[in-house]
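# Per-entry structural report
These are the residues of each chain, in order.
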Amino acid sequence: MKSVKLNTGHSMPIIGLGTYLIKDKDTIMEVVRASLESGYRAFDTAELYENEHHLGEAFEKFLPQFKLKREDIFITSKLATNNQGAEKAPKAIQETLDNLRTPYLDLFLIHWPGVQDLNEDDPQNREIRTQSWKCMEQAHLNGKLRAIGVSNYTVKHLNEMLDPNSPYHCKVVPAVNQVEFHPYLYQKELLEYCNQKGIRLEAYSSLGSQKSQDLLKDEKVALIAKNHGKSVAQVLLRWAVQHEIIIIPKSSKADRVKDNIKIFDFELSSQDMETLDGLNKNLRYSWDPSKVF
Ligand code: NDP
């Protein structure tokens, strides 16, 4: 399985299973089984998804069946907006570890730059998320979080962490920034910024999220898919991988989970890539972090 190097030196599989909105235990069991069987070794969850405990149970059940150990898989979770800050973050990290039945996480992200119950333009957002980051740095130092990162951060949010002259400067550079990224939201500037700073970009909603079928029905993508004898979903995922972006497609259906990983046996031409890049219309299906202070 293709993987990428994080700035911690650890490897992260370039494809993982997204699990947002899969809460039902039987479905989790089935998709974890199907994903391990078809070669997935990474899983993306969050406190907010309310499925960490089912995933913990699924790993305990299925890893031995596939002759795998904890260290053979890569688990990501995220700090919820209502657990930001120096007081709540350490407890939330421990709860996530307990839920997932693991002594360490491979990657832990601040889910959102804002804090629950604060307005987007409230300057306290950046003070409180900096406190969260410092708690995560501590848990990183003591080995509970092998890598730490952020999600939904813009260049502004990242700059404030990386600038040595900023009062919000942080010691550890985020390993990953997980953001919405697909051909209708080709965030080129953010991708280039992250590449330059050694931060891996990870795409969510690669297939256009559960809210819309538009990307999956796009005629230009469908034509490229037809030319390669692949599905539209596989072309959308391959496009991100060829940009060296980590992907976490979500499906609650075992057959789709299996199809979504069959993207390493073909290559999009530079012309295909240009066509897909050219579909950008800055369209977001998910939350927009650009106004968070
Ligand atoms: P995706 O774009 O990955 O998937 C969208 C929908 O496509 C799914 O609901 C799925 O429906 C359907 N689908 C999956 N495979 C196929 C296929 N082969 N053909 C046709 N349809 C398919 O959506 P998400 O928004 O869930 O993003 C992926 C993951 O990213 C999340 O699950 C989560 O882990 C993470 N995420 C992170 C966010 C953040 O703020 N950090 C925000 C949103 C997501 P079905 O289940 O019916 O197959």
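Everything that follows concerns the structure shown earlier in this document.
What counts, and at which threshold
- Residues numbered from 1 in each chain as written.
- Predicted model: local features only at pLDDT ≥ 70, side-chain atom pairs only at ≥ 80, totals over all residues.
- Heavy atoms only, no water.
- Near = heavy atom within 4 Å.
- Polar contact = N/O pair within 3.5 Å; in protein donor to acceptor, adjacent residues only side chain to side chain.
- Areas by Shrake-Rupley, 256 points an atom, 1.4 Å probe, with all protein chains shown as cover.
- Nonpolar A, V, L, I, M, F, W, Y, C, P; charged D, E, K, R; others polar.
- Salt bridge = Lys/Arg side-chain N within 4 Å of Asp/Glu carboxyl O.
- Helix = DSSP H or I, 4+ residues; strand = E, 2+ residues; numbered from the N terminus.
- Buried < 20%, exposed > 50% of the residue type's maximum accessible area, 1.4 Å probe, protein only.
- Pairing = 2+ DSSP bridges.
- Axes fitted to C-alpha atoms, helices over the stretch in contact; angles between N-to-C directions.
- Parallel < 35°, antiparallel > 145°, perpendicular 65-115°, else oblique.
- Contact = heavy atoms within 4.5 Å.
- Phe/Tyr/Trp six-rings, centres within 6.5 Å; stacked < 30°, edge-to-face > 60°.

### Quick notes on the site of the ligand
- Asp 44, Ser 205, Ser 251, Lys 253 and Arg 256 are the nearest of the 28 residues found near the ligand.
- Taking Leu 207, its main chain carries an N or O atom lying 2.9 Å from an oxygen atom of the ligand.
- With respect to the ligand, the side chain of Asn 260 contributes an N or O atom lying 2.9 Å from a nitrogen atom.
- For the ligand, whose free accessible area comes to 900 Å², the fraction covered by protein is 90%.
- Its residues assigned to classes, the shell around the ligand comprises nine nonpolar, 14 polar and five charged.

### Brief notes about the pattern of salt bridges
- All told, the structure shown has 17 salt bridges when counted by the stated rule.
- Put simply, Glu 244 and Lys 2 hold a salt bridge, and the shortest N to O gap is 3.5 Å. Here Glu 244, found in the loop between helix H8 (232–242) and strand S10 (246–247), pairs with Lys 2, found in the segment before strand S1 (3–5); they are 242 residues apart in sequence, far enough to count as distant.
- According to the relative accessible area criterion, Lys 2 is partly exposed, its value standing at 33%.
- In the salt-bridge network here, residues are joined through shared partners; they are Glu 30, Arg 33, Glu 37 and Lys 258.

### As for the sheet that holds strand S5 (residues 74–79)
- The strand order across the open sheet formed by eight strands is S3-S4-S5-S6-S7-S8-S9-S10, and the pairing between neighbours is parallel. Both outer strands of the open sheet, strand S3 (17–18) and S10, are each paired with one neighbouring strand and no more.
- As paired strands, strand S6 (residues 107–110) and strand S7 (residues 148–151) are joined by three bridges and run parallel to one another. Looking across to S7, one finds that Phe 108 is bridged to Ile 148.

### Some remarks on the packing of H8 against helix H10 (residues 270–277)
- Axis separation between H8 and H10 bottoms out at 11 Å; the angle between their running directions is 100°. In terms of orientation, H8 and H10 fall into the roughly perpendicular class. Residue-level inspection shows Val 235, Trp 239 and Gln 242 of H8 in contact with H10, the latter providing Met 273, Leu 276 and Asp 277.
- When grouped by side-chain class, the residues that make up the contact of H8 with H10 number four nonpolar, one polar and one charged.

### So, the packing of aromatic side chains
- In the structure shown here, the tally under the stated rule is six aromatic pairs.
- Judged by centre distance (5.9 Å) and plane angle (90°), the ring pair of Phe 181 and Tyr 186 falls under edge-to-face. Tyr 186 shares its class with Phe 181; the two are buried.
- Plain terms: the ring middles of Tyr 186 and Trp 239 are 5.6 Å apart, the flat faces sit at 70° to each other, and that makes the pair edge-to-face. One end of the pair, Tyr 186, is in the loop between strand S8 (176–180) and helix H6 (188–197); the other, Trp 239, is in helix H8, with 53 residues separating them in the sequence.
- Given a relative accessible area of 10%, Tyr 186 falls into the buried group.
- Classification of Trp 239 as buried rests on a relative accessible area of 1%.
- Feature note: the residues Phe 181, Tyr 186 and Trp 239 constitute an aromatic cluster, connected by ring pairs.

What is shown is where atoms sit, not what they do.
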